[in-house]
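Fold and contact review
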Amino acid sequence: MASVGSLPSLPARRRGYDHHEVQVFGRGGPNDWAPPPLPKCASMMPKKFDSQRKDAAKQRLRLKQEEVDRLDFHGFGGDIEGLRAFLIHKFGGSVRGWRKAIAPDEVGTGSVLLSDFCSGLKKIGYAGQAMTLWKALTRAAGGSTSVGLEHFEPDFAEQLDALAKTLVARFEGGALQAWGSMERDHLGRANFSEFERFVNAQKLIPRHADVHLRRVFEALDMRGLGTIGKEDFLFFDHWAYRRFGTPLSPEEELGEREEAEPWSPPRRPPTPEPSLDDFRKFLSQKYVTPARAWRVAIDLRGVGAIASPDFGKGCRAVGWKHKHHGLFKELAENGGGLATMRTLDPDTAAAIDELNEIISKKYGGDIHELWSQALDPADTGMVGRAEFVSEVAVELGMKAEAAKLLFNVLDTNGSGYIAEGELMFVEVCESQLSQMLRSHQRRQEAPASMFHSVSSPALSTSSSPHAALLSNFAPTEKANIASPMKSTRGAQARAFANTHRIKHMFVADSIHQHCRSKTTEMVEELRYVNHLAMRSTPQGDVFRHTSQFYREGVKRLQVLQKPPQEESDEESEDEVEEDEG
């Protein structure tokens, strides 16, 4: 391969290039291509890019300066002066803030480690440069791993040293004895004037020391009340113990600061479990009566008695959000071990018993005779709520409240009307109850192992001894496979929906005939009453004055409301008056 020095050269003839020869990379020849030289503008960075880089550097410097100014303005710049300003703003004094928030002990004179320092800053809401501030304090402490109040406020520490040294030297009992010697108006507190008068009277400030008493008093006043107590004044003993090693009395020895437990709302008292009466009220609010809720949602299969699992499903179906085991236990105590409608709603059960007794005595136990003679003599196929209550109360002699309970338990879809087929419930509501109770009692008396393996193939054969035992405890009358006892809750819910749909269709078709017949009866009754009230008199029906018409009408109405004997007496009196006239 040819070297660069051995390659031929071609003259540069392009526009803008200097007329110099360039070397050609190839085998040589007049047709070989040579790369052009770079233009002059590509040899250096464009000026616009250079100015943009300088502007970006200035922008970063300006933003950083604004951040520093913001931190300095709020005392978060990481310097000691900023922390002092922050504590003065938050606690009214830098020394008071150090003692209350940052110092680990209760008095506020102990050494502060980095963990205590960071915890204190977080507690007071300091969001500045914490590590920069800590490094500044440790530099003031000579590189120590802990700092104290003397490193945070060195000038104030010198004032406290001078005052505490003189006080401990003047009083053998220390600050406790000095507090007893202070004259004050209040027994347990002292204000600034009393504190200043005591210090000047005892000459506790040395001549060469410059002590600012107002600042010392504010440092002692931990709560910012404007007065100090004995506990606040004992700070001088603890300061002398830390700075000079003066021993403390046993009463003055304090441990670390005890963190107060955060406030939390008191615990709510445990809510008592709802009783059976509460459950009945809940069912009455949602289904009018507990008996109607029993038919619609709890005992969907209509067997009359259910066990605990089915009762729990029914409670969940009606929206009961509490435990049901206590309710079932209370119902089962009076229901022979199972929950029944009679134990859930005894008032409705008593009304059903009363109606059955009346039917057996008055109609020979034929419920169809009751329907055709008393409830629906016009053969409209339905009876409304008001008609049922009035007819049962008048014809059968039952109370209106009992009649309402009967109608509510019969009208399961809440349409306001019942048909003859729905009235049959009062006759068959507890027809299978005795059979269910006997079956349940036999299962309770039999060993539990006999019923845990009923589904086993080994027990399906007639030769198994367990199968022979189980046949003794089985019900004597087996239910039909199409009966509600052999179905599930879902199937019965669908059956209820279908029956309600059919009933609505029946009511929609029969309501016109029913209303027409009832309206005809009402019109005939009103005509009869009006005829009795407005029948003609011997004197005629023409009156000269409206007052005469009014008096005659009132007399006739009074006659209609009085017994026949009184009416005959008044007629005889009227005849006598007419004869005399």
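The model shown is predicted, which means the values in this text are computed figures rather than measured ones.

Glancing now at the overall build of the chain. A tally of regular secondary structure across the chain gives 29 helices and 8 strands. Look at the contacts in the chain between residues 6 or more apart in sequence, and 58% of them connect residues 24 or more apart. A total of about 37400 Å² of accessible surface is found on the chain, and carbon and sulfur atoms cover 54% of it.

All right, on to the confidence of the model for the chain then. Keep in mind that low pLDDT regions are not for reading the predicted coordinates in detail. For the chain, per-residue confidence averages 76 on the pLDDT scale, and residues scoring 70 or more make up 71% of the total. When mean pLDDT is compared element by element in the chain, helix H13 (residues 276-287) scores highest at 92, while helix H26 (residues 465-473) scores lowest at 36. Under a pLDDT of 50 for its full length, residues 1-25 has, in the predicted model, 35 contacts with residues more than four places off or in other chains. Segment residues 448-476 is flagged for pLDDT under 50; beyond a separation of four residues in sequence, or across chains, it makes 21 contacts in the model.

Before going further, it helps to spend a moment on the pattern of salt bridges. As enumerated under the stated definition, the model contains 8 salt bridges in all. Between arginine 243 and aspartate 161 there is a salt bridge, with the nearest N and O atoms lying 2.8 Å from each other. Of this pair, arginine 243 sits in helix H12 (residues 235-244) while aspartate 161 sits in helix H7 (residues 154-170), and the two are 82 residues apart along the sequence. Its salt-bridge partner being aspartate 277, residue arginine 280 comes within 3.4 Å of it at the nearest N-O pair. With arginine 280 and aspartate 277 both in helix H13, this residue pair falls 3 residues apart, about one helical turn. For arginine 280, a relative accessible area of 22% translates into the label partly exposed.

This paragraph deals with the environment of leucine 187. Assignment of secondary structure puts leucine 187 in the loop between helix H8 (175-181) and strand E3 (190-191). Along the primary structure leucine 187 and glycine 229 are separated by 42 residues, whereas in three dimensions their C-alpha atoms are 9.3 Å apart.

Here the focus is the environment of isoleucine 124. If you trace the backbone, isoleucine 124 turns up in helix H4 (residues 114-124). Expressed as a C-alpha distance, the spacing of isoleucine 124 and isoleucine 102, which sit 22 residues apart in the sequence, is 8.9 Å. In this structure isoleucine 124 touches Phe86, Leu87, Lys90, Phe91 and Ala101, once residues within four positions along its chain are discounted.

Position of alanine 136 relative to the elements: it lies in helix H5 (residues 130-140). For the pair alanine 136 and glycine 78, spaced 58 residues apart in sequence, the C-alpha to C-alpha distance is 8.1 Å.

Tallying each qualifying case throughout the model produces 16 aromatic pairs. Relative to tryptophan 320, the ring of phenylalanine 282 has its centre 5.3 Å away and its plane inclined at 65°; by these criteria the two rings are edge-to-face. Of this pair, phenylalanine 282 sits in helix H13 while tryptophan 320 sits in the loop between helix H15 (308-318) and helix H16 (325-334); the two residues are 38 residues apart in sequence, bridging distant segments of the chain. Look at phenylalanine 282 and you get partly exposed, because its relative accessible area is 23%. Their ring planes at 45° and their centres at 5.9 Å tell us that phenylalanine 311 and phenylalanine 328 sit as a pair that is tilted. Of this pair, phenylalanine 311 sits in helix H15 while phenylalanine 328 sits in helix H16, placing them 17 residues apart in sequence. Like phenylalanine 328, phenylalanine 311 is buried.

Let's shift gears to the nonpolar core. The nonpolar side chains of a soluble globular protein tend to be buried with one another. Counting 56 residues, the largest nonpolar core has Trp98, Phe117, Phe195, Val216, Phe233 and Phe236 as its most contacted members. Residue contributions to this core peak at 7 residues, all from H7. In terms of nonpolar packing, the next biggest core, distinct from the first, is built from 50 residues, Phe328, Met341, Leu396 and Met398 among them.

So, on to empty space enclosed by the protein. The final tally for this structure, using the stated rule, is 1 cavity of 30 Å³ or more. In this model, the largest cavity occupies a volume close to 50 Å³. Lining the largest cavity, in full, are Ile298, Asp299, Leu300, Arg301, Val303, Ile306, Asp310 and Arg489. Classifying every residue of the lining of the largest cavity gives 4 nonpolar, no polar and 4 charged.

At their nearest, the axes of helix H9 (residues 192-202) and helix H10 (residues 213-220) sit 11 Å apart, and the two run at 120° to each other. Between H9 and H10, the crossing angle belongs to the class labelled oblique. The two elements H9 and H10 meet at a crossing, and its hand is right-handed. Counting all contacts with H9, which are made through Phe192, Phe195, Glu196, Val199 and Asn200, the residues of H10 involved are Leu213, Arg214, Val216, Phe217 and Leu220.

This paragraph deals with H12. Taken together, the buried positions of H12 are Phe235, Phe236, Asp237, His238, Trp239 and Ala240. At the C-terminal side of H12, glycine 245 shows a positive phi close to 80°.

Rules used throughout
- Residues numbered from 1 in each chain as written.
- Predicted model: local features only at pLDDT ≥ 70, side-chain atom pairs only at ≥ 80, totals over all residues.
- Heavy atoms only, no water.
- Helix = DSSP H or I, 4+ residues; strand = E, 2+ residues; numbered from the N terminus.
- Contact = heavy atoms within 4.5 Å.
- Areas by Shrake-Rupley, 256 points an atom, 1.4 Å probe, with all protein chains shown as cover.
- pLDDT = per-residue confidence, 0-100.
- Salt bridge = Lys/Arg side-chain N within 4 Å of Asp/Glu carboxyl O.
- Buried < 20%, exposed > 50% of the residue type's maximum accessible area, 1.4 Å probe, protein only.
- Phe/Tyr/Trp six-rings, centres within 6.5 Å; stacked < 30°, edge-to-face > 60°.
- Core = buried A, V, L, I, M, F, W, Y, C linked by side-chain atoms within 4.5 Å.
- 1 Å grid on protein atoms, 1.4 Å probe; cavity = no way out; pocket = protein on both sides within 12 Å on 5 of 7 lines; lining within 4 Å.
- Points joined across faces, edges and corners; volume = space filled by probe spheres on them.
- Nonpolar A, V, L, I, M, F, W, Y, C, P; charged D, E, K, R; others polar.
- Axes fitted to C-alpha atoms, helices over the stretch in contact; angles between N-to-C directions.
- Parallel < 35°, antiparallel > 145°, perpendicular 65-115°, else oblique.
- Left-handed = near helix turned anticlockwise from the far one by under 90°.

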